[in-house]
Amino acid sequence: LLTKKGISTDDKSVAFLVLGKSQQANNDCAAAITSFRSCAAINKSAWGAEARYEIANCQFTTANLIAAEKSALAVIKETGSYDNWVTKSYILLGDIFMQQKDYFNAKATYESVAKNAVIVELSQEARQKLDKAVEEEKAVNVSDVITSEHRDIAHPVTQQFRESLQNKVLEAFKKEVFALTRKKR
């Protein structure tokens, strides 16, 4: 279809979008991004909005988080009237923050979407991701506490236990010294 002369802009847009989706499904994100960009360049409607979102999604999939964040923000800025793609872009921003271990911004983003999204399915998706972010942050915090308390791998005890044990040993030592000095008298 793309090679035919005289096809309408809408037909080209749909063809580029479908081609991009096919390339994306085959894990060829570089080619997919090119196709999505071609669609977005000629279409400012829903197809263009979807193409712009898929650019960000492909960049996220390939771990190009800086570009994905920039592209997701562009979707939000440029396609404000398409709730589905704007909301998905906010969720994608939350996913980017999670990959960066930025739990504060991830949770804030998911929570905002969960509370304000007009599309119920996306609100529910954001709520699930918020719950997962909270759990992951708790697990990381617990791991950090355990790591900081158990720095001595050969002797995995907490600092509090170490100090308590040291005090008991010193008390026993003092008693022993006191007892020895009394015997000598």
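Below is a summary of the structure that appears in this document.

Rules used in this analysis
- Residues numbered from 1 in each chain as written.
- Predicted model: local features only at pLDDT ≥ 70, side-chain atom pairs only at ≥ 80, totals over all residues.
- Heavy atoms only, no water.
- Helix = DSSP H or I, 4+ residues; strand = E, 2+ residues; numbered from the N terminus.
- Buried < 20%, exposed > 50% of the residue type's maximum accessible area, 1.4 Å probe, protein only.
- Contact = heavy atoms within 4.5 Å.
- Salt bridge = Lys/Arg side-chain N within 4 Å of Asp/Glu carboxyl O.
- Core = buried A, V, L, I, M, F, W, Y, C linked by side-chain atoms within 4.5 Å.
- Phe/Tyr/Trp six-rings, centres within 6.5 Å; stacked < 30°, edge-to-face > 60°.
- Axes fitted to C-alpha atoms, helices over the stretch in contact; angles between N-to-C directions.
- Parallel < 35°, antiparallel > 145°, perpendicular 65-115°, else oblique.
- Left-handed = near helix turned anticlockwise from the far one by under 90°.
- Nonpolar A, V, L, I, M, F, W, Y, C, P; charged D, E, K, R; others polar.
- Expected span 1.5 Å × (residues − 1).

Examining the overall build of the protein
Along the protein, the regular secondary structure elements total 8 helices and 0 strands. The N-to-C order of helical and strand elements in the protein reads α-α-α-α-α-α-α-α. When each of the 185 residues of the protein is scored for burial, the buried share is 33%. Across the protein, the fraction of contacts at a sequence separation of at least 24, relative to all contacts at a separation of at least 6, is 44%.

Focus: the pattern of salt bridges
Applying the stated criterion across every chain, the model contains 9 salt bridges. Residues lysine 21 and glutamate 54 are paired through a salt bridge, measuring 3.0 Å at the closest nitrogen-oxygen approach. With lysine 21 in helix α1 (residues 9-25) and glutamate 54 in helix α3 (residues 46-61), the pair connects residues that are 33 residues apart, well separated along the chain. A salt bridge links glutamate 137 to lysine 107; its shortest N-O distance comes to 2.6 Å. Here the residue glutamate 137 occupies a position in helix α7 (residues 120-149), and lysine 107 occupies one in helix α6 (residues 103-116), the gap between them amounting to 30 residues. Put simply, Lys21, Glu50 and Glu54 are held in one network by salt bridges that share partners.

Looking at the nonpolar core
In terms of nonpolar packing, the biggest core is built from 26 residues, with Phe60, Ile91, Leu92, Leu93, Ile96, Met98 and Tyr110 touching the most fellow members. Sorting the residues of this core by element identifies α3, α4 (65-78), α5 (83-99), α6 and α7 as the ones contributing at least two each. Among all residues touching leucine 93, those that are not within four sequence positions of it are Glu69, Ala72, Leu73, Ile76 and Thr109. With 10 residues, the next largest nonpolar core counts Leu17, Cys29, Phe36 and Cys39 among its residues.

Describing the packing of aromatic side chains
Counting across every chain of the model gives 1 aromatic pair. Judged by centre distance (5.5 Å) and plane angle (40°), the ring pair of tyrosine 53 and tryptophan 85 falls under tilted. Here tyrosine 53, found in helix α3, pairs with tryptophan 85, found in helix α5; they are 32 residues apart in sequence, far enough to count as distant. Pair check on accessibility: tyrosine 53 and tryptophan 85 agree, each one buried.

Concerning the packing of α1 against helix α2 (residues 29-42)
At a minimum axis separation of 8 Å, α1 and α2 run at an interaxial angle of 160°. As summarised for this structure, α1 and α2 are arranged roughly antiparallel, according to the angle between their axes. Judged by the twist between their axes, the crossing of α1 over α2 is left-handed. Judged by residue contacts, Thr9, Lys12, Ser13, Phe16, Leu17, Leu19, Gly20, Lys21, Gln23 and Gln24 of α1 engage Ala31, Ala32, Ser35, Phe36, Ser38, Cys39 and Ile42 from α2.

Some points on the packing of α4 against α5
Contact geometry for α4 and α5: axes closest at 9 Å, N-to-C directions at 155°. With respect to α5, the element α4 is oriented roughly antiparallel. Judged by the sense of rotation from one axis to the other, the crossing of α4 with α5 is left-handed. Contacts from Leu65, Ala68, Glu69, Ala72, Leu73, Val75 and Ile76 in α4 reach Trp85, Val86, Ser89, Tyr90, Leu92, Leu93, Ile96, Phe97 and Gln99 in α5. Considered class by class, the residues forming the contact of α4 with α5 number 13 nonpolar, 2 polar and 1 charged.

Some thoughts on α3
Here α3 is 16 residues long and its end C-alpha atoms lie 22 Å apart, about the 22 Å a rise of 1.5 Å per residue gives. With 13 of 16 residues buried, α3 lies mostly within the body of the structure. Alanine 63 lies just past α3 and shows a positive phi near 65°.

A word on unusual backbone geometry
Of note in this structure, alanine 63 is not a glycine but carries a positive phi near 65°. Structurally, alanine 63 can be placed in the loop between α3 and α4. The backbone of lysine 101 shows a phi angle near 60°, a positive value even though the residue is not glycine. Relative to the helices and strands, lysine 101 is located in the loop between α5 and α6.

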